[in-house]
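Chains, contacts and geometry: an overview
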Amino acid sequence: MTRWILVVEDEPALGEMLCDNLQTGGYGAELVRSGTAARDRIAKGGLDLVILDIMLPGISGFEVLEHMRSQGDDTPVLILSARIDDADRIRGLELKADDYLTKPFNLKELLLRIEALLRRKTAIPSGSDLLEFSGNRIDFRSHAATTYDGRQTNLTPTEIKLMRLLSTRHGEVVPRQELAQHLFGPNTPSTTRTLDNAVLNLRRLFECDSKQPKHILTVRGVGLRFTSGDES
C-alpha cells in the first residue's frame, strides 16, 4: 500500500527535492505550488498527508488549512515553514495542524515526523467509535458520516457493521462468506444482494471514483479488503 503525500511548496527546487526523497522512501508524492492549487487538489481526496508551506501564491497555507478543517477534512497536515514566530506556530495548531516544523530542517527528522503522523492515522482500533480516512469520517455510534467532498449523510445499520468489520481488519482480505454471516446471520448465502448494494453505496460515498476504488477493494473470488490509503 502506497501512502500518498501532497507537498505544497512554492520554491520549485525545495518542492522537487522533497518529492524525490519521499518517493525514495516508498511514498507517493505530488507537488503543487500555490494555495489555490492545494485547496483544489485536497478537495479531490485520496491523500494520506499534506506537507504545507504557509507563504504561498494565491491563498496562504493557513487559509488552505482552515478551509480543509471547515469541510471536515481530517487528513494529517504538517506545516513546513520559514516562519518561526511562536504566534505562527500557535495559529497553525489552533487551526488543527498536526505538526509544525520550521525551515531550514533536517530531512531525517521530517521523514520521522511523517512516519509518526501516518502511524497515528492508520485504521481504527477495535472498539473505536470513529473512522477517518482520506477526508472521510464515520461515527459508528451515531451512524453519521462526512465524505471527502463535504457531504453529510447517515449510514444504514448494514453499512455501519460492514465498515466497522473491514476497518478493524485493516489490510486483510475478509472472505465474502464471513462478511455475509457477520451482517445477516450464519445461514445467509454468501451471494446476498444486500451486501453488494451496501458495498456499491459505500463506494459512491467515500471513493473519488467508485469504479476505481482505493479504499473498499474487491479481491475477486475471495472477499473484500479495506485500506485507508492509495493502493500501489
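For the structure given in this document, a descriptive report is provided here. None of these values were measured; they are calculated from a predicted model. (Residues numbered from 1 in each chain as written. Predicted model: local features only at pLDDT ≥ 70, side-chain atom pairs only at ≥ 80, totals over all residues. Heavy atoms only, no water.)

1. What to know about the pattern of salt bridges
- Taken as a whole and assessed by the stated rule, the structure comprises 17 salt bridges.
- Put simply, Arg33 and Glu16 hold a salt bridge, and the shortest N to O gap is 3.0 Å. Taken together, the positions of Arg33 in the loop between strand S2 (28-32) and helix H2 (35-43) and Glu16 in helix H1 (residues 12-24) put the pair 17 residues apart, joining distant regions of the chain.
- For Arg33, a relative accessible area of 38% gives the class partly exposed.
- Where Glu30 meets Arg41, a salt bridge forms, and the shortest distance between an N and an O atom there is 3.0 Å. Taken together, the residues Glu30 in strand S2 and Arg41 in helix H2 connect sequence positions eleven residues apart.
- According to the relative accessible area criterion, Glu30 is partly exposed, its value standing at 24%.
- Overlapping salt bridges, with partners in common, bring together Glu9, Asp53 and Lys103 in one network. (Salt bridge = Lys/Arg side-chain N within 4 Å of Asp/Glu carboxyl O. Helix = DSSP H or I, 4+ residues; strand = E, 2+ residues; numbered from the N terminus. Buried < 20%, exposed > 50% of the residue type's maximum accessible area, 1.4 Å probe, protein only.)

2. Observations regarding unusual backbone geometry
- Here the bond from Lys103 into Pro104 is cis, since omega is -10 degrees, no more than 30 degrees from zero.
- Assignment of secondary structure puts Pro104 in the loop between strand S5 (99-102) and helix H5 (107-121).
- The backbone of Lys96 shows a phi angle near 75 degrees, a positive value even though the residue is not glycine.
- Of note, Lys96 is situated in the loop between helix H4 (86-94) and S5.
- By relative accessible area, which is 57% here, Lys96 ends up exposed.
- Positive phi, close to 50 degrees, is recorded for Ser134, a residue that is not glycine.
- By secondary structure assignment, the location of Ser134 is in the loop between strand S6 (130-133) and strand S7 (136-139).

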